[in-house]
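Topology and contacts: notes
Okay, here's what each chain looks like letter by letter:
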Amino acid sequence: MFIELDFQSETPIYEQLKTEIIVGIASGQLTPGERLPSVRQMASDIGINLHTVNKAYTQLKEEGYLLIHRQRGVVVNPEGPEAMTKERQAQLRQILRPLIADSLCRQMTEKELTTFIQSIYDELKEDRSK
Amino acid sequence: MNLAFEHLIVYMTLLPLFLLSFTPYLTKKTDCFGVTIPLDMYDRPEFRKMRKQFTFISFLINLLILFGLLFLQARVSESTFMISFIVLIFSLLIIFFILYLPFHQSVKKMKKNEAWIYNYKQKRLIDTEFRKANLAISYKWYLIPFLMIVGTLLYSFIIYDTIPSEIPTHTGPGGHVTYSEKSMTTIILLPIIQLFMLAIFVASQYAITIAKQSLHPANPKGSQEQNKKFRRYWSIFTLLIGIATTALLSYIQLAMFHDFLFQEQSKVILLFITIVIVSLIILSIRTGQSGSRLNELNSETDHVIEVDEDEHWILGQIYFNRQDPTIFVEKRFGIGWTVNFARPITWIFLLILLLPLALLIVI
């Protein structure tokens, strides 16, 4: 899978890296059990500090996306993160709420909003069927 | 050594310098005299003109050196000729660097004045499966030269008692052969050099595998293919040169014991140098830096550019980046890889590489 990072963005690199990997898993471009480059190799290819990659990998491991083995290295967790919980849903609501509020203030209709979310969902699904 | 052969070897070594003249056409399209430019700017008239100028001037300098050597060859003694040859080659490399500088500076100035960089998004692109492909050939292949060295050494020990006490070790100017008294040191010196060179070839193979990816965000697939093929071809080339070099040194070792081999030695050396240089030139022209000449790389997405790292390239030639943990990176002006001088391990590498050379010179 190609990972694209924007060095001029306000979003920190480790967060971008996390997002790219999660999108990769969601869209099926990264398959369960697939090996990812080691921390050193990844950091060296991107040209960033080892800690940055380490931070992204560790957080993804904690969230259940990755497994970090001593011998086999970093692999995509075949079991994936735990299914949506009440707590996670509450978190999600908190993240989405201001964004939806902002969209409403910008005269987005209900239909526009739902088709918009649908299109993002389809985009990820489409990659998966490829 | 036969005089004619010695001269041919000298002139053969000039060929790669002629190749250096064409460096602007062999580097990546996104590197213009050591400065990162957008892919779609490669064909700008100003840049075209600069490339032509550089090649033309350096080619002329090469021709001058060639004629200078031909002139000297007929007039000075053999040893003076060899010394002037070495001095000329080194000064030529410095001259090329000095010639490169104004080109580098003016591209840099253009980039700054026109501020085009602000029209482009800087992206870093990597492929997580890059090293799952066989970038380099298997290390097992290096058993071939290794066994050759072991064989040479074994043969030398077996034959040691039967050879005369004086063995020809060196051919000086004018075909004058120097003899050395045979000893275990004279016998194991070449195999030690062979082993050291083998280690360098294996290390290059390793460098080819781990060197930083250089994919272009404007064409991920295309640049990835170029990059992979480039590494594969050069890794095969490295192995072949490794085998050829080992074979040559084994030949020279055996020529110490067998006169019929010694008779042909200069021809074999010339053949070796010819093959290495010609294949080097063909491969360089065929692949270009990073595989840039393997196929046409078009810009699929407009207004993206690789992350601008000009500030980390001293004069566009020396990579010094403390933030980057990588050791091997692609050269910006030329073909092949260079090192990140900000990494301490780089200096250790260089020391390991230079120490035996220094020892050889001192001894």
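Residues numbered from 1 in each chain as written. Chains lettered and ligands numbered in written order. Predicted model: local features only at pLDDT ≥ 70, side-chain atom pairs only at ≥ 80, totals over all residues.

Structural notes on the packing of helix 1 (residues 13–26) of chain A against helix 3 (residues 50–62) of chain A
The description of two packed helices rests on the angle between their axes and on the distance between the axes. Residues and elements named next belong to chain A. Direction vectors running N to C along helix 1 and helix 3 enclose 45°, while the axes themselves pass 9 Å from each other. Compared by their axis directions, helix 1 and helix 3 come out oblique. Like other packed secondary-structure pairs, helix 1 and helix 3 cross with a definite hand, here right-handed. Residue-level inspection shows Ile-13, Tyr-14, Leu-17, Lys-18 and Ile-21 of helix 1 in contact with helix 3, the latter providing Thr-52, Val-53, Lys-55, Ala-56, Gln-59 and Leu-60. (Axes fitted to C-alpha atoms, helices over the stretch in contact; angles between N-to-C directions. Helix = DSSP H or I, 4+ residues; strand = E, 2+ residues; numbered from the N terminus. Parallel < 35°, antiparallel > 145°, perpendicular 65-115°, else oblique. Left-handed = near helix turned anticlockwise from the far one by under 90°. Contact = placed C-beta atoms within 7 Å.)

Details of the sheet that holds strand 1 (residues 2–6) of chain A
Reading across the sheet, the three strands line up as 1(A)-3(B)-6(B) and stay open at both edges, with mixed pairing between neighbours. Each edge of the open sheet carries a strand with a single partner, namely strand 1 of chain A together with strand 6 (304–306) of chain B. For this sheet the average axis-to-axis angle between neighbouring strands, irrespective of direction, equals 45°. Bridge count between strand 3 (residues 121–127) of chain B and strand 6 of chain B: three bridges; the pairing is parallel. When the sheet's bridge partners are listed, Gln-122 of chain B is paired in strand 6 of chain B with Ile-305 of chain B. (Pairing = 2+ DSSP bridges.)

What about the sheet that holds strand 2 (residues 35–36) of chain A?
The pairing of strands in a sheet comes from backbone hydrogen bonds and takes either a parallel or an antiparallel form. Residue and element names in this part refer to chain A. Strands sit in the order 2-4-3 across an open sheet of three strands; the sheet is antiparallel. A strand with exactly one partner marks an edge of an open sheet, and here the two such strands are strand 2 and strand 3 (66–69). Two elements, strand 2 and strand 4 (residues 73–76), share two bridges in a ladder whose sense is antiparallel. Paired with Leu-36 across the strands is Val-74, a residue of strand 4. Against the sheet, helix 3 makes contact with strand 3 and strand 4, and its axis sits at roughly 115° relative to strand 3, the strand it touches most.

Concerning helix 4 (residues 86–105) of chain A
Residue and element names in this part refer to chain A. A rise of 1.5 Å per residue sets the reference length of helix 4, with its 20 residues, at 28 Å; its end C-alpha atoms lie 28 Å apart and thus fit the reference within 8%. If you look at helix 4, its biggest bend is around 30°, right at Leu-96, and the proline Pro-98 turns up within four residues after that. Counting buried residues in helix 4 gives zero out of 20 residues, a small share hidden from the surface. Positive backbone phi, approximately 60°, marks Gln-107, located one or two places after helix 4. (Expected span 1.5 Å × (residues − 1). Bend = angle between axes of the 7 residues up to and from the residue. Buried ≥ 20, exposed ≤ 12 C-beta atoms within 10 Å, placed from the backbone.)

So, the interface of chain B and chain A
Taken together, the contact pairs 19 residues of chain B with 19 residues of chain A. A per-element tally of the side of chain B that touches chain A places strand 3 of chain B first, with seven residues. Here strand 1 of chain A runs beside strand 3 of chain B; their pairing, made up of five bridges, is antiparallel. Each bridged residue has a counterpart across the sheet, and for Phe-2 of chain A the counterpart in strand 3 of chain B is Asp-127 of chain B.

Digging into the pairing of strand 4 of chain A
All names here are of chain A. In the sheet, strand 3 pairs with strand 4 via four bridges, with the strands oriented antiparallel. In the strand pairing of strand 4, Ile-68 is matched with Val-74. Hairpin geometry of strand 3 and strand 4 is characterised by an intervening segment of three residues between the two adjacent antiparallel strands.

As for the nonpolar core
Among the nonpolar cores identified, the biggest contains 23 residues, and Leu-17, Val-53 and Tyr-57 of chain A are the most heavily contacted of them. Residue assignment for this core shows that the elements contributing at least two residues are strand 1, helix 1, helix 2 (39–46) and helix 3 of chain A together with strand 3 of chain B. In this view, Tyr-57 of chain A contacts Val-39, Leu-66, Ile-68 and Val-74 of chain A; residues no more than four positions away in its chain are not counted. With twelve residues, the next largest nonpolar core counts Ile-208, Trp-234, Val-329 and Trp-337 of chain B among its residues. (Core = buried A, V, L, I, M, F, W, Y, C linked by C-beta atoms within 7 Å.)

Things to note about the packing of helix 6 (residues 184–210) of chain B against helix 7 (residues 220–255) of chain B
All names here are of chain B. Running from amino to carboxyl end, helix 6 crosses helix 7 at an angle of 180°, the nearest separation of the two axes being 10 Å. By the angle between their directions, the pair helix 6 and helix 7 is classed as roughly antiparallel. Contacts from Leu-190, Ile-193, Gln-194, Met-197, Leu-198, Phe-201, Ser-204, Gln-205 and Ile-208 in helix 6 reach Arg-231, Trp-234, Ser-235, Thr-238, Gly-242, Thr-245, Thr-246, Leu-249, Ile-252 and Gln-253 in helix 7. Here the contact of helix 6 with helix 7 is built from residues that sort into nine nonpolar, nine polar and one charged. (Nonpolar A, V, L, I, M, F, W, Y, C, P; charged D, E, K, R; others polar.)

Geometric values such as these leave the question of function open.
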